[in-house]
Structure formats: C-alpha cells, structure tokens
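Chain by chain, the residues run as shown.
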Amino acid sequence: MNIAAIKTYPINLKNGGVQLVVKVETDTEIHGWGCSGLSGRELAVVGAIDHFRGFLIGRDTRQIGALWQEMYRGQYFEGGRVLTAAISAIDIALYDIKGKALGVPVYELLGGKQRDYVECFASVRFTTKEELLNYSKICVAKGWKVLRLAPAEFESQDNKTRFEPRESIAKLSKWITELRNEVGPGIVIGVDYHTRLNAAETYSFMKRMPPGTIDFLEEPIRDENPEAYQALRAMIDVPFAIGEEFSSKWQFKPFLENDIAQYARIDVCNVGGITESMKVASMAETHYVDLMPHNPLGPICTAASIHMAAACPNFSYLEEVNTPAQFMGTNAPDFYPIQPKLEGNRYRVPDTPGLGVEFNEALALEQDFQLVDIPRLRKDDGSLTNW
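Quick summary incoming for the structure in this document. Just so you know, these numbers come straight off a predicted model, no measurement behind them. Sequence positions are assigned chain by chain, starting from 1 and proceeding in written order. At least 70 in pLDDT is required for a residue's local features to be given in this predicted model, at least 80 for side-chain atom pairs to be given and counted, and no such filter applies to totals for whole chains, interfaces and linings, which use all residues. Processing note: side-chain calculations cover all non-hydrogen atoms of the structure and skip hydrogens and water entirely.

This paragraph deals with empty space enclosed by the protein. Here a cavity means grid points, on a 1 Å grid over the protein atoms only, where a 1.4 Å probe fits yet cannot get out; a pocket means an open set of points with protein on both sides within 12 Å along at least five of seven lines; lining residues are those with an atom within 4 Å of a point. Grid points are joined across faces, edges and corners, and a volume is the space filled by probe spheres set on the points. Within the structure shown, the criterion is met by two cavities of 30 Å³ or more. Quantified by volume, the largest cavity comes out at close to 60 Å³. When residues are grouped by polarity, Ala, Val, Leu, Ile, Met, Phe, Trp, Tyr, Cys and Pro land in nonpolar, Asp, Glu, Lys and Arg in charged, and all others, Gly among them, in polar. Residues of the lining of the largest cavity, tallied by class, amount to two nonpolar, two polar and five charged. By volume, the second largest cavity amounts to about 30 Å³. In terms of lining, the second largest cavity is formed by V18, Q19, L20, S36, G37, L38, S39, E42 and L297. A helix here means a DSSP run of H or I that spans at least four residues, while a strand means a run of E at least two residues long, and both kinds are numbered starting from the N terminus. Among the elements that take part in the lining of the second largest cavity, strand β2 (residues 18-26) stands out by supplying three residues, more than any other. When the residues that make up the lining of the second largest cavity are grouped by side-chain class, the tally is four nonpolar, four polar and one charged.

If you want it as structure tokens, here you go:
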C-alpha cells in the first residue's frame, strides 16, 4: 500500500482557533488523518509538506520509521519546529493508515495498551478572580481532580495587550492561594505561566504562596536555555512541567538528564509525531518522569495522544480544554463527525481501528481560510514580552 496523495486543510474554527489537518491517501480505499501543532504558522507547515510530497508520493506507507528519518534528515538543515510539525502530521496519518489496514487501534502498533482510561486535567483559563474560583469549583463538582490554571488576567484590562509581570504575580499569588483554601488539599493544582516571566520573577511568584499551594509549575520562563532552567530548578522546590514547544527528543534530552523537568509536556503534533513521541516517552521513563501531554489542538491531537498514553507506562494526565466550566470548542463537531468522547474527566481507550477520528473534508473545502496570529503582549515601556 503506497502513498497516493497528501492533502492539507487549514481550517478556522468558530471559536477563533485554527487547525491544520493533513490527509494521506493511499492507492487503496484507506486514508489517514494527521494534525500539525504549530499554531499561527499553518501556511509555513503547508509549505514544508509541499516539499515532502515530492519524494513521499509512491512510497510504502508501512515504512513509517524510515520515512520519518528521510523527512527529518533528507535535507541539509535538519529539524526545526516548522519541519517537525509537518513530519508530525504525516507520521500520525501513517499510523492511522496502518491501524486501519491491520484492523487494530494504533496503540496495538506501539506494544498494546497499558491502561483502560486516559485521565485528564482541566485547563482552566480565567481573566478575573471570580472566573478562577467559579470555573474551578464547577470542574471539582463535576469530578475533576486536577486543575491546570491558564491565567489571562491581562485580558480583564481595557488594554488587553498590556502585561506587567510584577503586577501579574502580585494578583495571581493571592488568587491561587484563595483557590487552594476553597478547594482543599485533595485537588491537584498546577499553573501555566506560558513563559511570560524571567527567573527572578518566577522565584518571587513562588515565594508569595504558602508551601503546598500548587503542585506543579508549567513553563514560567522560555526554554531555549536549559542552564537557565537548571538554575531556577535549584531555587524552587515545586515540580516543573516543560516541553510543549519542543520539536525533538534532543530538546528534551538536557531537561530529562539534568532532572529539570518532572513532567514532560510532550506535544505529539509538534515533536515529530507518534514515532518521536514514543522515543521521548522511553527517555522520560528512564528518569521516572511521567508524560503530561500538551493537547489544545483538537480531536486528531487528542486521539493520537490517547493512543500514545495508552501504550506508555509513564503517564499522568492529558490536557483537556473542553471542560464542564469552559467549552473551548476545539473539538468542532461539525468538522469531526467521529472523534474521542470524554467520559467525565477521562477518555476510554478505544478498540476501533486506527486513530478513531474522521474529518469532514467537504466542509473544509467550502471554507476560505483566514490567517490568525497569536496576540502580542507589551510592557509599559513598550517592549515585547511573551504571550
């Protein structure tokens, strides 16, 4: 069974989000679906796939590992987030094809399932203290045991592009301390600062809260410099969740080998697909680090992450943005007539062939795609800071 066509579908969701869906067709009736994770740069990934298409058409779909190596190393300039996002989408689609061809779920290609359910954490995005407390309490009342807080307090201002770190940490440290008192000690609480802080600000943020207030801190600073993170690791005694922007096992290597990351925030649609994800998972296992996959992209990413999590011994929680308190609409049922379904705060590991996702190709063809860029935040002095 050979690759006959590779088609790209950048789509706009009703919630304002964007997804890049990739279809790999074969010379049989079987096809596979994949998804890229490089949000905001979808057309760059489409361009990379255009390059890959030239040598992938006609190739054997069963040779997933060999095709991965050729896509990654088949040019002088290996790797980088654009190329690995393209590789991810194609790689995931090839696993979908192979599972369908053999009549088995994708996790059977990865050694078989090690769990019946994939537990999730609720991604709680809020702009005010009232939203934080209200959304969190709704999730807890519905049985969610893990809250990952995604603060966007700057959006409650008139100027939604203004971000001052010291103002932010003064507010959030008080709000999160109050949240802990409200929900009690039995709920796991994490905070994602989305790389908006520097090391000194991160230390100040943590020192303003009583011990035990939060259970993990996600990516407070940028990740290009592992040594900077290692210095921060020595200052802070809360586990770090790192890796959603990583595009290879090599980026994970120093964070795992130097005990910087205690949770691996692997994104199957960014890191290089299922092939590379399983290698990172094995590396993490040797350091007793669990996976906490990044998953804001929609049903294809969710499905691929479920199969990866099912096959790995070292897994904690999968990110879920469509919670009882906030439905983000990333599952876009009009685009995905078949997709994973939440059962409370977890997904049942499926027994259907392939990934278990289908995409409405006809609807995508009707749409005129519009570019969407991420917001840009600035400090009061006019300088850019991370979103």
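On to the sheet that holds strand β1 (residues 3-12), then. Here the rule is simple: two strands pair whenever DSSP picks up at least two bridges between them. Overall, antiparallel pairing links the three strands, which are arranged β1-β2-β3 in an open sheet. Both edges of this open sheet fall to β1 and β3 (31-36), since each of them pairs with a single strand only. Between one strand and the next, the sheet's axes are offset by a mean angle of 20 degrees, whatever the strand orientation. Sheet topology places β1 next to β2; nine bridges connect them, and they run antiparallel. For K7, the partnering residue across the bridge sits in β2 and is K23. Residues are treated as being in contact if the distance between any of their heavy atoms lies within 4.5 Å. The angle between two axes is taken between their N-to-C directions and runs from 0 to 180 degrees, where each axis is a line fitted to C-alpha atoms and a helix contributes only its stretch in contact. Contacting β1, β2 and β3, helix α1 (residues 42-56) crosses the sheet at an angle of about 175 degrees to β1.

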